[in-house]
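Notes for the structure review
Residues per chain are reported as follows:
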Amino acid sequence: GKSTTIGRLLYDSESITDDRVEEIQKYAEELKRRFEFAYFLDALEEERREQMTIESTRVFFKGKERLYTIIDSPGHKEFLKNMLTGASQAEAAIVIVSAREGIEEQTRRHIFLLKLLGIERLVVAVNKMDAVGYRKEIFEKVREELTRFLESLGFDLRRISFVPISALEGDNVYRPSKHMPWAKSTLIECLEALEVESRELDKPLRFVVQDVY
């Protein structure tokens with residue numbers, strides 16, 4: 001859902017050229033697959049074939065009020081070192097949680113690593129709301145469970161926002177969703193509301209081991 005969410009942000013904000021859209025449409029037709037917004041980010045042939053992010057990818061994105069550098073980092077544990085490489089350069093994080101599957105082991109693992117890296121500002125996007133009928137109680141259940149986990153790690157909940165979305169259908173990502181009138185904000189509004197200050201550098205040395213030979 002990560003690459004699809006970012007691809008949807010880029011597409012709905014008209015940050016993608018028509019040529020690029022046509023290229024992805026042609027590629028999807030060749031594979032006899034549905035058009036995937038994730039293809040805007042997953043540039044490697046293996047990533048597109050396996051439908052997963054392997055390498056961290058940087059894209060530049062103009063929001064309604066700010067300019068962003070978005071780092072699309074892999075979620076699967078096999079590529080954890082690549083996730084760490086991308087996350088170590090971030091000032092804030094979007095954590096994607098599936099409304100259908102709920103909070104999984106990798107969700108907890110990634111949040112723990114974000115805390116370890118000193119990233120305190122999070123936007124938790126509860127994705128695939130279309131798969132659960134856009135039901136508010138499903139969103140609230142995920143939010144409450146994850147809030148308890150965040151508190152156990154010592155996160156300041158005032159720096160964390162939750163937003164229900166459907167990246168595939170475009171609900172509540174860049175534009176409000178008619179299916180979720182109960183939603184308080186969209187994903188882009190949560191990003192624009194982030195208060196990001198310079199990260200403190202006067203700390204013990206930490207660095208990421210990107211590979212082992």
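Residues numbered from 1 in each chain as written. Predicted model: local features only at pLDDT ≥ 70, side-chain atom pairs only at ≥ 80, totals over all residues. Heavy atoms only, no water.

1. Remarks on the overall build of the chain
If you tally the helices and strands in the chain, you get seven helices and five strands. Secondary structure elements of the chain, listed N to C terminal, follow the sequence α-α-α-β-β-α-β-α-β-α-β-α. Contacts in the chain between residues far apart in sequence, at least 24 positions, make up 66% of those at least 6 positions apart. Total accessible area computed for the chain in this model is approximately 12300 Å², and 49% of it derives from carbon and sulfur atoms. (Helix = DSSP H or I, 4+ residues; strand = E, 2+ residues; numbered from the N terminus. Contact = heavy atoms within 4.5 Å. Areas by Shrake-Rupley, 256 points an atom, 1.4 Å probe, with all protein chains shown as cover.)

2. Description of the packing of helix H4 (residues 80–87) against helix H5 (residues 105–117)
One can describe the packing of H4 onto H5 by two numbers: an axis separation of 11 Å at closest approach and a directional angle of 40°. Relative to H5, H4 is oriented oblique. Note that H4 runs across H5; the crossing there is right-handed. Judged by residue contacts, Leu80, Met83, Leu84 and Ala87 of H4 engage Arg109, His110, Leu113, Leu114 and Leu117 from H5. (Axes fitted to C-alpha atoms, helices over the stretch in contact; angles between N-to-C directions. Parallel < 35°, antiparallel > 145°, perpendicular 65-115°, else oblique. Left-handed = near helix turned anticlockwise from the far one by under 90°.)

3. Section: the packing of aromatic side chains
Summed over all chains, the structure comprises two aromatic pairs. With centroids separated by 5.7 Å and ring planes inclined at 25°, the aromatic side chains of Phe61 and Tyr68 adopt a geometry described as stacked. This pair shows no difference in class: Phe61 is buried, exactly as Tyr68 is. For the cation-ring pair, Arg108 lies above Phe149, with the distance from its terminal atom to the ring centre recorded as 5.1 Å. Its end group placed over the ring of Phe155, Lys115 keeps NZ or CZ at 5.0 Å from the ring centre. (Phe/Tyr/Trp six-rings, centres within 6.5 Å; stacked < 30°, edge-to-face > 60°. Buried < 20%, exposed > 50% of the residue type's maximum accessible area, 1.4 Å probe, protein only. Lys NZ or Arg CZ within 6 Å of the ring centre and 35° of its normal.)

4. Side note on the environment of Pro74
As for its position among the elements, Pro74 is in the loop between strand E2 (67–72) and H4. For Pro74, a relative accessible area of 1% gives the class buried. Here the alpha-carbon distance between Pro74 and Gly86, two residues 12 residues apart in the chain, equals 8.8 Å.

5. Quick look at the pattern of salt bridges
Going through the model one piece at a time under the given rule, you end up with 10 salt bridges. A salt bridge links Asp12 to Arg8, with the nearest nitrogen and oxygen atoms 3.2 Å apart. Of this pair, Asp12 and Arg8 are both found in helix H1 (residues 2–12), four residues apart, which corresponds to roughly one turn of the helix. On the basis of relative accessible area, Asp12 is assigned to the buried category, the value being 8%. For the salt bridge of Lys115 with Glu120, the shortest nitrogen-to-oxygen distance reads 3.0 Å. (Salt bridge = Lys/Arg side-chain N within 4 Å of Asp/Glu carboxyl O.)

Distances and angles like these do not, on their own, reveal function.
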